[in-house]
Amino acid sequence: MALLKVRFDQKRRVRLAQGLWLLNWLSVLAGTAVFGLGLFLKVELRKRSDVMDNAESHLVPNALIGAGALSCALHALAGRVCYDALDPARFARWRPWLRPCLAACALGHAGLLLAALCCLLLRGSLEASLALGLRQGLRFYRDTDTPGRCFMKKTIDLLQIEFRCCGNNGFRDWFEIQWISNRYLDFSSKEVKDRIKSNVDGRYLVDGVPFSCCNPSSPRPCIQYQLTNNSAHYSYDHQTEELNLWVRGCRAALLSYYSSLMNSMGALTLLVWLSGVTATTGLRYLHTALESVSNPEDPECASEGWLLEQSVPETWKAFLESLKRLGKSNQVEAEGADAGQAPEAG
């Protein structure tokens, strides 16, 4: 027994074809938007690839780009089919291709759904990539003379200024690394020698931060050095002075920025997926309604359309049986090929 059977007359079939034509072309525009959002996210990630550890974060934009392009192609094809369905002569050439077209649309919708889920669920991998990439980027901040790393200082400074952040988890991250190059240290100074000797690794560590950590909204001039020494500055308490530097770490700032982008893109992709599923369901009804016309010479006669020819369990059982037959046919072909090779070997 057919599932979700609906009766159509000539007028309802024409209205369905016209509505599906419009919906499919709207889905093409929506797929173009998904494709564009994937490109935008990829560009945004590449801008800050120097502070990311690996390329796993590009899985989301690549999925959006692929799903958007596939959605555009499939819905453009479906829109053409719906337009030709208004003319029985033009629609006749599409009859052998409608089932593969519907199957391709179903696969495309599955890809679109996976892309939306990637946007909503891959926050953890992005956070891990940012954490390790920023940690390495801070260590290379001082290497302005090293080929391949001379740009890292500019990258980190622009990042902290743009996102109003400081360090990886906070400004105290700068206390644990030597971010001042040795070429700018006076090794004849007793203070510099004492600081280097006080560290096992021989690093010059200070309780200071780069200028890009300064908050321009602070009412006093920025305090970059001796941040934990209250006596070094007038009317200063490092535990309550929150306006002097950006308090939030860059990992949290970047994660918030990219998470908001990915959540918005995931929600939009889900809407595009829902629109595509609706268009494909309507195309299935149009296909079955036109196939079940009892008298092809009388296009105005009534017909019935359905979503599945049988119930869901019967359809699933038939699908499994078709897979078994396909597997058996492949096995027989392989055995025939082996039998043909045996006499040659003899």
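Everything numeric here is computed off the predicted structure, so don't read it as measured data. (Residues numbered from 1 in each chain as written. Predicted model: local features only at pLDDT ≥ 70, side-chain atom pairs only at ≥ 80, totals over all residues. Heavy atoms only, no water.)

From N to C terminus, the chain includes nine helices and two strands. Here the chain, with 346 residues, has 38% of them falling under the buried criterion. (Helix = DSSP H or I, 4+ residues; strand = E, 2+ residues; numbered from the N terminus. Buried < 20%, exposed > 50% of the residue type's maximum accessible area, 1.4 Å probe, protein only.)

Per the stated rule, a full pass over the model turns up six salt bridges. As a salt-bridge pair, arginine 142 and aspartate 143 come within 3.8 Å of each other at their nearest N and O atoms. A relative accessible area of 29% places arginine 142 in the partly exposed class. Across the pair aspartate 157 and lysine 153 runs a salt bridge, and its minimum N-O distance is 2.9 Å. Remark: lysine 153 and aspartate 157 occur in helix α6 (residues 152-163); sequence separation between them is four residues, near one turn of the helix. (Salt bridge = Lys/Arg side-chain N within 4 Å of Asp/Glu carboxyl O.)

Remark: helix α2 (residues 59-84) packs on helix α8 (residues 250-291), axes separated minimally by 11 Å, with the N-to-C direction vectors making an angle of 25°. Looking at the two axes, α2 sits roughly parallel to α8. Between α2 and α8 lies a crossing whose hand is left-handed. Between α2, through Val60, Leu64, Ser71, His75, Ala78, Val81 and Cys82, and α8, the contact on the second element is made entirely by Met262, Met265, Thr269, Val272, Gly276, Ala279, Leu283 and Leu286. (Axes fitted to C-alpha atoms, helices over the stretch in contact; angles between N-to-C directions. Parallel < 35°, antiparallel > 145°, perpendicular 65-115°, else oblique. Left-handed = near helix turned anticlockwise from the far one by under 90°. Contact = heavy atoms within 4.5 Å.)

Moving on, we get to the packing of aromatic side chains. One pass over the full model with this rule turns up seven aromatic pairs. Centre to centre, the rings of phenylalanine 171 and phenylalanine 175 are 5.9 Å apart; their planes meet at 75°, and the pair counts as edge-to-face. Where tryptophan 174 meets tryptophan 179, the ring centres are 6.1 Å apart and the plane angle is 75°; that geometry is what we call edge-to-face. A residue is classified by how much of its surface remains accessible, and tryptophan 174, at 0% relative accessible area, is buried. Among the residues examined, tryptophan 179 registers a relative accessible area of 9% and is labelled buried. Members of the aromatic cluster, joined through ring pairs, are Tyr141, Trp174, Trp179 and Tyr225. (Phe/Tyr/Trp six-rings, centres within 6.5 Å; stacked < 30°, edge-to-face > 60°.)

In this section: the UniProt feature "transmembrane region" (unreviewed entry) in the chain. Within this numbering scheme, the UniProt entry marks residues 21-43, 63-83 and 104-126 as carrying the feature "transmembrane region" (unreviewed entry). Taken end to end, residues 21-43 is 100% helix and 0% strand, and its two terminal C-alpha atoms sit 33 Å from one another. (UniProt positions renumbered as here; feature names shortened; annotations may be inferred.)

For the rest of this paragraph, the subject is α6. Spanning 12 residues, α6 covers 16 Å between terminal C-alpha atoms, matching the ideal 16 Å at 1.5 Å per step. Listing the buried residues of α6 in full gives Met152, Thr155, Ile156, Asp157, Leu159, Gln160 and Phe163. Where α6 is buried, its residues meet α5 (123-139) and α8. Directly after α6, the chain includes arginine 164, whose backbone phi takes a positive value near 55°. (Expected span 1.5 Å × (residues − 1).)

Let us look at the nonpolar core. With 50 residues, the main nonpolar core has Leu41, Leu64, Leu126, Trp174, Val209, Leu254 and Tyr258 as its most contacted residues. No other element matches α8, which puts nine residues into this core. Looking at this core, you find at least three residues from each of domain 1 (3-137 + 252-308) and domain 2 (171-247). By size, the runner-up hydrophobic cluster in this structure holds 13 residues, among which are Ala78, Cys82, Leu283 and Leu286. (Core = buried A, V, L, I, M, F, W, Y, C linked by side-chain atoms within 4.5 Å. Domains from an automatic or database assignment.)

Attention now moves to the packing of helix α4 (residues 98-121) against α8. It is at 8 Å that the axes of α4 and α8 come closest, and there the two elements cross at 165°. By the angle class used here, α4 and α8 are roughly antiparallel. At the point where α4 passes α8, the crossing takes the left-handed sense. Residues of the contact of α4 with α8, tallied by class, amount to 16 nonpolar, seven polar and two charged. (Nonpolar A, V, L, I, M, F, W, Y, C, P; charged D, E, K, R; others polar.)

With that settled, the discussion passes to the environment of leucine 159. Summarising the element assignment, leucine 159 is placed in helix α6. For the pair leucine 159 and leucine 254, spaced 95 residues apart in sequence, the C-alpha to C-alpha distance is 9.2 Å. Once residues lying within four places of it in the same chain are set aside, the contact partners of leucine 159 are Arg48, Val51, Leu134, Arg164, Cys165, Cys250 and Leu254.

Further remarks concern the state of the cysteines. Within the structure shown, the criterion is met by three disulfides. Covalent S-S linkage joins cysteine 166 and cysteine 213, the inter-sulfur distance amounting to 2.1 Å. Every disulfide takes its handedness from the sign of the S-S torsion; for cysteine 166 and cysteine 213 that torsion is 85°, giving right-handed. You can see cysteine 166 sitting in the loop between α6 and α7 (190-197) and its partner cysteine 213 sitting in the loop between α7 and α8, a full 47 residues away along the chain. Among the residues examined, cysteine 166 registers a relative accessible area of 0% and is labelled buried. Accessibility expressed as a relative area gives 0% for cysteine 213, which makes it buried. (Disulfide = S-S within 2.5 Å.)

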